[in-house]
Amino acid sequence: MAGGMWGRPRGAPVGALTLTALAEGIRARQGQPPGPPSTSPQPESELESEVEPQRAAASPTAGSEPFSRPPAQEPAPAIPHQTPQSSWEDGALEDLALYAAACLEDAGFAGTQATALTLSSVLEAQGEQLEDQVRGLVRGLLAQVPSLAEGMRRRVVLRVLSALALEHPRDVVCALLPCSLRPDGAAAELWRSLSRNQRVNGQVLVQLLWALKGTAGPQPEALALHEMARGTCSPDTPKVWAPSYQGPPHSHASCTVEALKALLTGDGSRMVVTCMEQAGGWRRLVGAHTHLEGVLLLASAMVAHADHHLRGLFADLLPRLHSTDDAQRLTAMAFFTGLLQSQPTARLLREEVILKRLCTWQGDPEPTVRWLGLLGLGHLALNRRKVRHMSTLLPALLVTLGEGDTRLVGAALGVLRRVLLRPQAPVRLLSAELGPRLPPLLDDARDSVRASAVGLLGTLVRRARGRLWVGPRGPLRKLVLQSLVPLLLRLHDPSRDTAESSEWTLACCDQALRWGLLEEMVTVAHYNSPGALSQICQRLVQWYPSHVPGFLSQTQGYLRSPQDRLRRAAAVLIGFLVHHSSLSCVNQDLLDSLFQDLGQLQSDPEPSVVAAAQVSCQQVALLARTQHCPHCWRLLGLLRLPHLGQHHAHPARLPPVYEDSPFQHWSLAGHWDCSGPG
C-alpha cells in the first residue's frame, strides 16, 4: 500500500471534532459553504418537522454503532492541508480514508459521521466528478481487502465503506455491483459489513430497489452480482436463502434481488427472505409488470419481521415521492404504501398529512397511482384494531368497484374483506352499499375479480350470520337469493379459485339462512351429482316460489356463456327447476322463452350441451302441456325430440335424467367449511 499510513499515531486518537474541522477547512478553501454534502433530494418542508425530530430522538437500536462522546482532543498528527491540483497518486486516497477511520475507531457513530464528512470534502476538493471519485475509492478498498488479515485493519476498511455509504449510498452500490465478478469473498464481506449498520443498511437497501427498476446492465455486471450473492451464503445457511435458481443469471434485476437477499440475511432479517420466498415476492420483484407487487410484499415482510429498519426507510422514502423519475417515484410510493401497515411508522407523520396525500393519489389519472393510494387508505384505516376513516375509505372503495383496471378492483375487494373481518365492522352499512354493486362482479370476465367478489359475498354473509338483516326481511337475504344461481353455476367455473370460493360462500349461506343443504351442495361441488342438484332445486322452489321466475331467468342467461361447462350446467339447472315447479310459479311467456333458447342449443358444438338441452326441453314441454301450448308441441316436432305421449292429457312428469358430465371437476376436499375461502 502506498503512503505507509497504517499505524496508529503516536499521540491520542484524532477526534471527530478535529476531522470535522479539517473537512470544513477544506470546504472553506474551495469556496463552499460548510456542512456535509447532500446527494439526495431534500424532504419536503411539510414533512421535515414530522420526521427528523423523531429520528434524532430515537435511541440506537441493536446492530447500529453506539453513539459515544468523542474523546478529549490532543495534538493531531500532521495531515497535509494543501489540495493537489491533479489527481491523487494511486493508493493515496485510500490511505487517507483508512488513516482517518483508524484514528476514529473508538469514537463510535460520531466517528463514522466525521469520517464521511472528511472524505466527502476531500473528494470534492479534487475537482473531478464526485461520483467517479467515490466509486474509485470503493474499488480501491475492495482491492485491498483480500490482503488484510483479520483484525483492526480489516475493521477500518469496513468502517470507511460504511462512512462512504452513509453519504453516498447510490455511488457505493453502483461501484460494488460490477466489481464482484470473481467469487473471492471480498465483495461479500463488504456487503455484509453494510448490512450490520442499520443507518447504512436501509439506504443501501433502497438503492438496490432503485437498481431493480433501472436499465438492464451488461451480462458481466449481472454475473458479478450473482456470484457476490452466492458468496454471502455460509455453509450452514439454509437453502431457502440461497439464490432461487441455478446456473447463469437471467437478468441484471434477478441478480440485484440476490444482493437484496444477501443484505437482509447479513442483517439478521432471514424471516423477511423466507416470507418473500414463500409468497413469490422475489419473482414479482424482477417481473416487468409485477415489480410494484414485489415491493409491497417486501414492505409487508419488513413490517412483520424487520421493524428496526422502518423508521429510517420511511424517512429516506419521503423525498423520493416527488422524484421526476417515474420508476423511482412509483417504487417509493409502493414502499411508502406498504410501510403504512406499521402503526408506529405511520405515526412519524401527522395522520391528516398522510390522508391528504393518499386522497391526492386517488385522483391521479394514472391507474397505478390510484391503486397504490387505495391500498394505502386501507392500510391506514386498518393499522389499528378499530376501522377508522370510513367516511373517506368507503366512497373510494365503492367507486373503484366500477373501474376497468383489474388491480384496482381487486384491491378494493381485498380492502372490503379486511374491513369486514375487523371487530365492530359496519356490516349493515356494507350490506346496503354492496347490494347493487356485488352481483355484477360475480360474473365478471376477469377470473381474479370474479373469485374475489364471490369470496367477499361469503365473508359478508358469515359476518352477518345471526343478525336481523339476514332474516326474512333483511337486506342481505335479498342479496343472497339474487346471487344463488350464479353461485350454483360457478361451482363449474373454469377458474379453480372461483369454484372454490363459490363452494365456501354457499356453505356460509347455508349456515346463515339455515337451509340444511350443506351436504347436497358439497356433493354437487365434488361429484357433479344430478340427484343432489335435484334436491337443492326442490327445496328452493318449495321455500321461495315467488323467486322461481327470477331463478329461471338468471339461469337462462348462462345458456349463452362462452364456456361449454357453464352452458351445460345452466341447461341442467333449468331442467331441475322446471321439473319441481308448477304453472302457478312460471308463466307461459317465460316457458316459451326457455324453450326457444334451449332449442337453439341443439346446434351447439359441444355434444354434452346438446344432450342436456334436449332433456331440459322435454321438462319445459311437459310443464307447458298442462296449459295446452301448441307452440311448444310444434317445436318438439321440429327438434325431433322423443314422443311424450300426446294421448294423455296430463302425462306423468318423470324426473330428468342427464348423462355424466365430460368436464373434469376440481377436487375441493377440505374447503367447504366456513374457516375461509380456499
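Being a predicted model, the structure only gives us computed values, none of them experimental.

Caption draft 1: Here's a closer look at the nonpolar core. Membership of the largest hydrophobic core comes to 170 residues, with the highest contact counts inside it found for Leu-194 and Phe-335. Residues contacting Phe-335, with those up to four places away along its chain left out, are Leu-205, Leu-209, Val-295, Leu-298, Ala-299, Met-302, Leu-313 and Leu-317.

Caption draft 2: Structural view of the packing of helix H24 (residues 447-464) against helix H25 (residues 475-489). Relative orientation of the contacting elements H24 and H25 amounts to 145 degrees, with a least axis distance of 12 Å. Relative to H25, the crossing made by H24 is left-handed. Contacts from Val-454, Leu-457, Leu-460, Val-461 and Ala-464 in H24 reach Leu-476, Leu-479, Val-480, Ser-483 and Leu-487 in H25.

Caption draft 3: Inspection of the pattern of salt bridges at higher detail. By the definition in use, this model includes 18 salt bridges. As a salt-bridge pair, Arg-370 and Glu-403 come within 3.3 Å of each other at their nearest N and O atoms. You can see Arg-370 sitting in helix H19 (residues 367-382) and its partner Glu-403 sitting in the loop between helix H20 (390-400) and helix H21 (406-421), a full 33 residues away along the chain. Residues joined in a network through salt bridges with shared partners are Asp-443, Asp-447, Arg-450, Arg-490 and Asp-493.

Caption draft 4: Fine view of the confidence of the model for the chain. Per-chain confidence: the chain averages 75 in pLDDT, with 65% of residues scoring 70 or above. Residue range residues 215-224 is modelled with pLDDT below 50. Its contacts to residues more than four positions away, or to other chains, number 18 contacts. Note on residues 643-649: pLDDT under 50 across the span, and 13 contacts to partners over four residues away in sequence or across chains.

Caption draft 5: Seen up close, the environment of Leu-487. Following the sequence through the fold, Leu-487 ends up in helix H25. Take Leu-487: its relative accessible area is 1%, and that puts it in the buried class. The spacing of Leu-487 and Thr-505 is 18 residues in sequence and 7.8 Å in space, taken between C-alpha atoms. When sequence neighbours within four positions are dropped, the list of residues in contact with Leu-487 reads Val-454, Leu-457, Ser-502, Thr-505, Leu-506 and Cys-509.

Caption draft 6: Just the packing of aromatic side chains, in detail. Taken as a whole, this structure holds four aromatic pairs when the rule is applied. A ring pair is formed by Trp-543 and Tyr-544, whose centres lie 6.5 Å apart and whose planes are at 80 degrees; its orientation type is edge-to-face. For Trp-543, a relative accessible area of 34% gives the class partly exposed. Over the ring of Phe-336 we find Arg-357, and its NZ or CZ is 6.0 Å from the ring centre. Here the basic side chain of Arg-407 rests over the ring of Trp-371, its NZ or CZ set 4.3 Å away from the ring centre.

Caption draft 7: Spotlight on the packing of helix H12 (residues 270-279) against helix H14 (residues 291-305). Put simply, H12 and H14 touch, their axes get as near as 9 Å, and they point 140 degrees apart. As judged from the angle between their axes, H12 and H14 are oblique. Relative to H14, the crossing made by H12 is right-handed. Along the contact surface, H12 presents Met-271, Val-272, Cys-275, Met-276 and Ala-279, while H14 presents Gly-294, Leu-297, Leu-298, Ala-301, Met-302 and His-305. Tallied by class, residues from the contact of H12 with H14 come to nine nonpolar, two polar and no charged.

Caption draft 8: Representation of the environment of Pro-436 within the structure. Summarising the element assignment, Pro-436 is placed in the loop between helix H22 (427-434) and helix H23 (438-442). On the basis of relative accessible area, Pro-436 is assigned to the exposed category, the value being 57%. A C-alpha to C-alpha distance of 8.3 Å links Pro-436 and Leu-479, two positions 43 residues apart in sequence.

Caption draft 9: Structural context of the environment of Ala-299. Tracing the sequence through the fold places Ala-299 in helix H14. In the structure, Ala-299 is positioned 11 residues away from Leu-310 in sequence and 8.9 Å away in space, judged by C-alpha atoms.

Caption draft 10: Structural detail: unusual backbone geometry. One non-glycine residue with positive phi stands out, namely His-389, at about 60 degrees. Examined against the element boundaries, His-389 turns out to sit in the loop between H19 and H20. On the basis of relative accessible area, His-389 is assigned to the partly exposed category, the value being 23%. Unusually for a residue other than glycine, Gln-424 sits at a positive phi of about 60 degrees. Within the element layout of this structure, Gln-424 appears in the loop between H21 and H22.

Caption draft 11: Seen up close, the side chain of Gln-619. For Gln-619, the position within the fold is in helix H32 (residues 607-625). On the accessibility criterion, Gln-619 (3% relative accessible area) is buried. Setting aside chain neighbours within four positions, we find Gln-619 in contact with Gly-575, Val-578, His-579, Leu-654, Pro-655 and Pro-656.

Caption draft 12: Structural view of the side chain of Asp-444. Of note, Asp-444 is situated in the loop between H23 and H24. In this structure Asp-444 comes out as buried when scored by relative accessible area, which is 14%. Within polar-contact distance, the side chain of Asp-444 engages the side chain of Arg-446 at 2.8 Å. Once residues within four sequence positions are removed from consideration, Asp-444 is found in contact with Val-449 and Arg-450.

Caption draft 13: Molecular detail of the state of the cysteines. This model, assessed by the stated rule, comprises zero disulfides. Here Cys-509 is not cross-linked by a disulfide; its sulfur's nearest cysteine counterpart is in Cys-508, at 6.9 Å. The buried category is assigned to Cys-509, whose relative accessible area is 1%.

Rules behind the numbers
- Along every chain, residues carry numbers that run from 1 in the direction the sequence is written.
- In view of the model being predicted, local features appear only for residues whose pLDDT reaches at least 70, and side-chain atom pairs are presented and counted only at 80 or more, with totals across whole chains, interfaces and linings using the full set of residues.
- Processing note: side-chain calculations cover all non-hydrogen atoms of the structure and skip hydrogens and water entirely.
- Here the nonpolar core consists of buried residues drawn from Ala, Val, Leu, Ile, Met, Phe, Trp, Tyr and Cys, with membership extended through side-chain atoms lying within 4.5 Å.
- A simple rule labels every residue: compare its accessible area, found with a 1.4 Å probe on the protein chains alone, to the largest value its type can have, and call it buried under 20%, exposed over 50%, or partly exposed in between.
- Throughout, a residue-residue contact means that at least one pair of heavy atoms, one from each residue, lies within 4.5 Å.
- Axis definition: a line fit to C-alpha positions, over the contact stretch in the case of helices; interaxial angles, taken between N-to-C directions, run 0 to 180 degrees.
- Counting from the N terminus, the helices are DSSP H or I runs at least four residues long and the strands are E runs at least two residues long.
- Each crossing gets its handedness from the near helix: less than a right angle anticlockwise from the far helix is left-handed, clockwise is right-handed.
- The working definition used for a salt bridge is a side-chain nitrogen of Lys or Arg within 4 Å of a carboxyl oxygen of Asp or Glu.
- pLDDT is a per-residue confidence score from the predictor, ranging from 0 to 100.
- In summary, the pairing rule links any two rings of Phe, Tyr or Trp, Trp by its six-membered ring, whose centres are within 6.5 Å, and it sorts them by plane angle into stacked for under 30 degrees, edge-to-face for over 60 and tilted for everything else.
- For a ring to carry a charge above it, either NZ of a lysine or CZ of an arginine must fall within 6 Å of the ring centroid while also lying within 35 degrees of the normal to the ring plane.
- Roughly parallel means an angle under 35 degrees; roughly antiparallel means over 145; roughly perpendicular covers 65 to 115; every other angle is labelled oblique.
- When residues are sorted by character, Ala, Val, Leu, Ile, Met, Phe, Trp, Tyr, Cys and Pro go into the nonpolar class, Asp, Glu, Lys and Arg into the charged class, and all the rest, Gly among them, into the polar class.
- We define a polar contact as two N or O atoms separated by no more than 3.5 Å, with the added condition that, inside protein, one atom must be a possible hydrogen donor and the other a possible acceptor, whereas residues neighbouring each other in sequence contribute only through side-chain atom pairs.
- Only a pair of cysteine sulfur atoms within 2.5 Å counts as a disulfide in this structure description.

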